[in-house]
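Residue-level structural notes
Each chain, letter by letter, is given below.
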Amino acid sequence: MQPRHFTSLLDLSSSELRQLIHRAIELKAHRDPDYQPLKGKVLAMVFEKSSTRTRISFEAGMAQFGGSAIFLSPRDTQLGRGEPLEDSAKVISSMVDCIMLRTNEHDTVTTFAEYSRVPVINGLTDLLHPCQLLADMQTYFEHRGDIAGKTVAWIGDGNNMCHSYINAARQFDFKLNIASPADYGPLPSIADAAADRVAFFDTPALAAQQADLVVTDVWASMGQESEQKKREYAFRTFQVNQDVMQAAHPDALFMHCLPAHRGEEVTAEVIDGPQSVIFDEAENRLHAQKALLEFLIRP
Ligand code: CP
Ligand code: NVA
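How each quantity is defined
Residues numbered from 1 in each chain as written. Chains lettered and ligands numbered in written order. Predicted model: local features only at pLDDT ≥ 70, side-chain atom pairs only at ≥ 80, totals over all residues. Heavy atoms only, no water. UniProt positions renumbered as here; feature names shortened; annotations may be inferred. Pairing = 2+ DSSP bridges. Helix = DSSP H or I, 4+ residues; strand = E, 2+ residues; numbered from the N terminus. Axes fitted to C-alpha atoms, helices over the stretch in contact; angles between N-to-C directions. Contact = heavy atoms within 4.5 Å. Parallel < 35°, antiparallel > 145°, perpendicular 65-115°, else oblique. Left-handed = near helix turned anticlockwise from the far one by under 90°. Nonpolar A, V, L, I, M, F, W, Y, C, P; charged D, E, K, R; others polar. Buried < 20%, exposed > 50% of the residue type's maximum accessible area, 1.4 Å probe, protein only. Near = heavy atom within 4 Å. Polar contact = N/O pair within 3.5 Å; in protein donor to acceptor, adjacent residues only side chain to side chain. Areas by Shrake-Rupley, 256 points an atom, 1.4 Å probe, with all protein chains shown as cover. 1 Å grid on protein atoms, 1.4 Å probe; cavity = no way out; pocket = protein on both sides within 12 Å on 5 of 7 lines; lining within 4 Å. Sits in = over half its atoms within 2 Å of the grid points. Expected span 1.5 Å × (residues − 1). Bend = angle between axes of the 7 residues up to and from the residue. Points joined across faces, edges and corners; volume = space filled by probe spheres on them.

Named according to an unreviewed UniProt entry, the protein is Ornithine carbamoyltransferase originating from Methylomonas subterranea. Here is the UniProt Pathway (unreviewed entry) comment for the protein, exactly as written: "Amino-acid biosynthesis; L-arginine biosynthesis; L-arginine from L-ornithine and carbamoyl phosphate: step 1/3." Check the Catalytic activity (unreviewed entry) section of the UniProt entry for the protein; it says "carbamoyl phosphate + L-ornithine = L-citrulline + phosphate + H(+)".

Have a look at this one:
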């Protein structure tokens, strides 16, 4: 039987995603140390880029479920020396029960999925960050109930997080208002597929009007460090500040996948303020991914 993968939110159906969110909420509420559905199971984690939340949440999640995780850096595996992805996927998947990858190229994850005999999870690529969206959706559901029919404002870069919000708008049935500087919008191929859910605005305040959730991310993602100065200039009017939050619904939430740069994409007043749920969002990486691992490894 072909394994199920999670390279994108579109790999699961809307009802499977909703089921995962509800399971994540349940796992968080009733932590049972005797419940070890992944006893003896092993997750391989390939990281081409840095991580705090993703690594810790997957490793802790596997341990809490009775399994274990192996951290693999391309620097000290043959992947970094050019061993073909196809061979690596076949070899690694012959020894473990699931593979999580954080890579630059999205194709690396999809190639692994094609050649792996076990489930493959996207732990962030330049294109998408679907695991973060599971945590974000869980956080919204916990604080405000179902997100269907609500309005989300994405302020800033049309990056991997923005692309995943576009996919989430399709799968969870919400409206997504996007405000990005010219030349920094999301890929048309991803946005066009969600044309009935996505609208574009020239300023953050316009995008945030009546929003139930305001979200942003760093101006320069991992791998774009050399563009930092150029991006600071291009994004200078795309900060989430009190004026933007005031344009939103009075009980709007604020989210950021972290790590954040206070004073750049978001003011300290907003990210550390009463509407911000960033630390619930970060913690929910653990619960949402435990639900995902349970779904993929023990269907
Ligand atoms: N949000 C997120 O993916 O964080 P890390 O880069 O720390 O894993
Ligand atoms: N867009 C950011 C997200 C980090 C979790 C990046 O890719 O660096």
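1. Comments concerning the sheet that holds strand β4 (residues 120-122)
The strand order β2-β1-β3-β4 describes an open sheet built from four strands, whose pairing is parallel. The two strands at the open ends of the sheet, each matched to only one other strand, are β2 (68-72) and β4. Taking each pair of neighbouring strands and ignoring which way they run, the sheet shows an average axis angle of 20 degrees. Sheet strands in contact with helix α12 (residues 278-297) are β1 (42-47), β3 (98-102) and β4, and its direction is about 155 degrees off that of β4.

2. With respect to the packing of helix α3 (residues 85-93) against helix α4 (residues 106-115)
Look at α3 against α4: their axes get within 8 Å of each other, and the N-to-C directions meet at 55 degrees. It follows that α3 is oblique to α4 by the angle criterion. Handedness of the crossing formed by α3 with α4: right-handed. Side by side, α3 and α4 meet where Leu85, Glu86, Ser88, Ala89, Lys90, Ile92 and Ser93 of the first sit next to Thr108, Thr111, Phe112 and Tyr115 of the second. A breakdown of the residues in the contact of α3 with α4 according to their chemical character gives five nonpolar, four polar and two charged.

3. As for unusual backbone geometry
With omega at 5 degrees, the peptide bond leading from Leu258 into Pro259 counts as cis. Within the secondary structure layout, Pro259 lies in the loop between β9 (253-256) and α11 (268-271). Phi is positive for Leu124, close to 120 degrees, though the residue is something other than glycine. One can find Leu124 in the loop between β4 and α5 (130-144). One non-glycine residue, Leu258, adopts positive backbone phi at about 70 degrees. Note that Leu258 resides in the loop between β9 and α11.

4. Some details on the side chain of Ser221
Within the secondary structure, Ser221 is located in the loop between β8 (213-216) and α9 (228-234). In this structure Ser221 comes out as buried when scored by relative accessible area, which is 12%. Excluding anything up to four places from it in sequence, Ser221 contacts Asn159 and Asn160.

5. Structural notes on the site of ligand 2
The full set of residues close to ligand 2 is Leu124, Asn159, Asn160, Asp217, Ser221, Met222, Cys257 and Leu258. Here an oxygen atom of ligand 2 and a side-chain polar atom of Asn160 are 2.8 Å apart. At 2.6 Å, a side-chain N or O of Asp217 approaches a nitrogen atom of ligand 2. A total of 270 Å² of accessible area belongs to ligand 2 in isolation, and the protein chains cover 94% of it. When atom positions are compared with the pocket grids, ligand 2 is found to occupy the largest pocket.

6. Digging into the UniProt feature "domain: Aspartate/ornithine carbamoyltransferase Asp/Orn-binding" (unreviewed entry) in the protein
Here the UniProt-annotated "domain: Aspartate/ornithine carbamoyltransferase Asp/Orn-binding" (unreviewed entry) positions come out as residues 149-295. End C-alpha to end C-alpha, residues 149-295 measures 26 Å, and it is 39% helix and 15% strand.

7. A closer look at α12
Counted at 1.5 Å a residue, the expected span for α12 with its 20 residues is 28 Å, and the 28 Å between its end C-alpha atoms agrees. The largest bend along α12 measures about 35 degrees and falls at Asn284. With 17 of 20 residues buried, α12 is to be regarded as a mostly interior element.

8. Description of the layout of surface pockets
If you add up the space inside the largest pocket, you get close to 600 Å³. Around the largest pocket, the lining is made up of 34 residues, and of these Leu124, Asn160, Val218, Ser221 and Met222 lie nearest the centre. Those elements that place two or more of their residues in the lining of the largest pocket are α2 (53-64), α6 (160-172) and α9. Sort the elements by how many residues they give to the lining of the largest pocket and α6 lands first, with three residues.

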